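Results of the structural survey
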Amino acid sequence: MNSAASSSDASGGNLSSILSSGNRDFLISPSGDKVSVEELEGKTIGLYFGANWYAKCEKFNLLLAEVYLKLKEQGAGFEVVFVSCDEDQSSFEQFHGTMPWVAIPFADLQSKKFLNQRYGIEGIPSLVILSPTGQLLQTEGVELIHHYGSRAFPFTPTRISELVAEEKADHDSQTLEKLLATTGRDFVIDHGKEVPISNFVGKTIGLLFSAQSYPPCAKFTSRLASIYKNLKEKHDRFEIVFVSVDKDESSYSQCFSEMPWIALPYNMESTKLLSRYFNIQGIPALVIIGPDGKTLTKEGRNLINLYMEMAYPFTEERLKLLREKMDEEAKSYPRSLSHEGHRHALNLVSENSGGGPYICCECEEQGFGWAYQCLRCGYEIHRKCVREVEENGSLG
Ligand SMILES: [Zn+2]
Ligand SMILES: [Zn+2]
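This part takes up the coordination of the zinc ion (ligand 1). The zinc ion (ligand 1) binds to the protein through Cys-360 (SG), Cys-363 (SG), His-382 (ND1) and Cys-385 (SG), with metal-donor distances spanning 2.0 to 2.3 Å. Viewed at the metal, the 4 donor atoms of the zinc ion (ligand 1) are separated by angles of 97 to 119°, and the geometry they form is tetrahedral. Each donor residue of the zinc ion (ligand 1) lies on the same chain, and together they follow the pattern C-x2-C-x18-H-x2-C.

And the structure:
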C-alpha cells in the first residue's frame, strides 16, 4: 500500500507544468468557471481519475468529498483535481457537478491522456498524490483514503509509516472491550436487552459486518445462522456480534430481528471506525477475535464457506490441520471432471497451482484452496458445488 515515489520519470516535475498544457493555464470549477492553475501552488494535490458510469467511483466520490471537506476545514493545503474518464461532456458535467473540487477541462483530451500515461493508470477510481512541488508521493491514494481517511494527509512516506506504526500498536494492544466499546458504551444488544461486553471476554467472537439490503449478506447470514446454532450447542465459548452497515436504523432492526446472535447498537460512526480498523473491503465480512481479544483472522467468511463449523476455533493450528486434511483428501479427487453447469471439462486446482481466492460461479460465494476451474474461460467452483456428469452421460 505504501508505494512511495520510485526513480521513474514520473517522480519529479513542476506542478503547474503537470496541470496545465500548451495554451491552457486554468482548471474548471464544478460550476464551469475557470480557476488559475497558480491557485493550487503550494498545495498537496490528489489527481482523481474516475467516471460517472462506474458505481465504485460514485462511492469513492462520497468518501473523498468527506475527507476533502474535513481537510479544508482544518486548513490543510490539499486540493483535488478530477481527471475525467467519462464518455462525453454532459456525463462529465453531471459527475463533476457533484464534486467540490476542480477538474481538467473535459475537452483537453491530450492532457488527460498525458496524465493517465504519466502515472500508469490502469483502473478507476484512482488517486495519485503529488507533493506541493509536483513530486509523486503515492499512487495508491484510493486505498490510503479508504484506510486512513483525512489522517493520511500529507500522504508523505513518513506520515504513512507513522500511521502503520500506530495501527500496529493499536492491534497489539487490542482487547475485546476496546474494540466493542465506543464513547463510554459498555454493552451490546441481545434482542432488546443490554448485555455488558465484559460477559464476552475470553470467548471466541465473530464480528459480522453485514447489511440487509445486500443479497450476498442475506445468503451468507442464513448459512452462518445454521452453523452458529450447531456451534452453540457444543461450545459456550463462541459468539457472533452483528456490526450493521445498514443505511438506516429501521433496516438494521429488520436485519437484526432475523439473526440469532447479539449486535452493536446502530451507529454508523462506530461501524466506520471498525471497518477502517479492520480494512474491510466488502460485505459480508467476518472477523474472528480470539479469547485473548486479539484478531485471529479476517477471513472468517471464507473459512465458514470452506470448512463450515469445522473451522472453529479458527486458530492457526486448527486451520493448518484442516488444510492438511483437505490436501490429503484432495489426493483422491479426480484431476478433471465434467460438471453439469459448464460445457467444458474442469480441472482440479489448489492455491499453489493457479487457484487462489475466487468467487464460485455456482453459489457465488468466495472460496480458496482446492477448486475446479475451466482453463479455457476461467469458470471456477467449489468442490462441494460440483454436480458431476457421469461417464455414461447421465447426471450425477
Ligand atoms: Zn460454490
Ligand atoms: Zn469453460
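Glancing now at the state of the cysteines. Under the criterion given, the structure shown has 0 disulfides. Cys-57 provides the cysteine sulfur closest to Cys-85, a residue in no disulfide bond, and the two sulfurs are 7.4 Å apart. Under the relative-accessibility criterion, Cys-85 is labelled partly exposed at 27%.

Let us now look at unusual backbone geometry. Going from Phe-153 to Pro-154, the amide bond is cis rather than trans, its omega being 5°. Within the secondary structure layout, Pro-154 lies in the loop between α5 (141–148) and α6 (157–172). A cis amide bond links Tyr-312 to the next residue, Pro-313, at an omega of 5°. Tracing the backbone through its elements, the reader meets Pro-313 in the loop between α11 (300–307) and α12 (316–330). With a phi angle near 45°, His-191 is a residue other than glycine that sits in the positive phi range. Phi at Phe-314 is positive, roughly 65°, even though this residue is not glycine. Structurally, Phe-314 can be placed in the loop between α11 and α12.

On to the layout of surface pockets. By volume, the second largest pocket amounts to about 750 Å³. What lines the second largest pocket is a set of 26 residues, among which Arg-151, Lys-272, Leu-273, Arg-276 and Tyr-277 lie closest to the centre. Within the residue set of the lining of the second largest pocket, elements represented by two or more residues are α2 (55–73), α5, α6, α7 (176–180) and α10 (268–277). Here the residues of the lining of the second largest pocket are counted per class, giving 9 nonpolar, 7 polar and 10 charged.

Assigned domains within the protein chain: domain 1 (15–166), domain 2 (176–312) and domain 3 (330–385). For domain 2 versus domain 3, the separation of C-alpha centres amounts to 30 Å. Listed per partner, the contact involves 10 residues of domain 2 and 7 residues of domain 3. Between domain 2 and domain 3 lies a buried interface of about 850 Å² when both sides are counted; carbon and sulfur atoms form 46% of it. Three residues, Asn-302, Asn-305 and Leu-306, lead the burial of domain 2 against domain 3; their summed loss comes to 51% of the area buried on that side. Counting across the domain 2 and domain 3 interface gives 1 salt bridge.

On to the sheet that holds strand β16 (residues 345–349), then. What the 4 strands build is an open sheet, ordered β15-β16-β19-β20; its pairing is antiparallel. Edge positions in the sheet fall to β15 (336–338) and β20 (380–382), since each of these pairs with one other strand and no more. With strand direction ignored, the average angle separating the axes of adjacent strands in the sheet is 35°.

Time to look at the pairing of strand β4 (residues 78–84). Counting buried positions over the 7 residues of β4 gives 7, a clear majority of the element. Side-chain alternation along β4 places Phe-78, Val-80, Phe-82 and Ser-84 on one buried face and Glu-79, Val-81 and Val-83 on a second face that is also buried. Pairing of strand β3 (residues 44–50) with β4, which is carried by 7 bridges, proceeds in the parallel orientation. Bridge pairing in β4 places Gly-50 opposite Ser-84. With α2 bridging β3 and the parallel β4, this β-α-β connection has right-handed handedness. Direction of pairing for β4 relative to strand β5 (residues 102–103): parallel, over a ladder of 2 bridges. For Phe-82, the partnering residue across the bridge sits in β5 and is Ala-103. Regarding the hand of the β-α-β motif, the stretch spanning β4, helix α3 (residues 89–96) and β5 is right-handed.

About the criteria used
Residues numbered from 1 in each chain as written. Chains lettered and ligands numbered in written order. Predicted model: local features only at pLDDT ≥ 70, side-chain atom pairs only at ≥ 80, totals over all residues. Heavy atoms only, no water. Donors = N, O, S within 2.8 Å, 3.2 Å for Na, K, Ca; no water. Tetrahedral: all angles 85-135°; square planar, octahedral: opposite > 155°, others 65-115°. Disulfide = S-S within 2.5 Å. Buried < 20%, exposed > 50% of the residue type's maximum accessible area, 1.4 Å probe, protein only. Helix = DSSP H or I, 4+ residues; strand = E, 2+ residues; numbered from the N terminus. 1 Å grid on protein atoms, 1.4 Å probe; cavity = no way out; pocket = protein on both sides within 12 Å on 5 of 7 lines; lining within 4 Å. Points joined across faces, edges and corners; volume = space filled by probe spheres on them. Nonpolar A, V, L, I, M, F, W, Y, C, P; charged D, E, K, R; others polar. Domains from an automatic or database assignment. Contact = heavy atoms within 4.5 Å. Buried area = accessible area lost by both parts, 1.4 Å probe. Salt bridge = Lys/Arg side-chain N within 4 Å of Asp/Glu carboxyl O. Pairing = 2+ DSSP bridges. Axes fitted to C-alpha atoms, helices over the stretch in contact; angles between N-to-C directions. Right-handed = clockwise from strand over helix to strand, strands pointing away.

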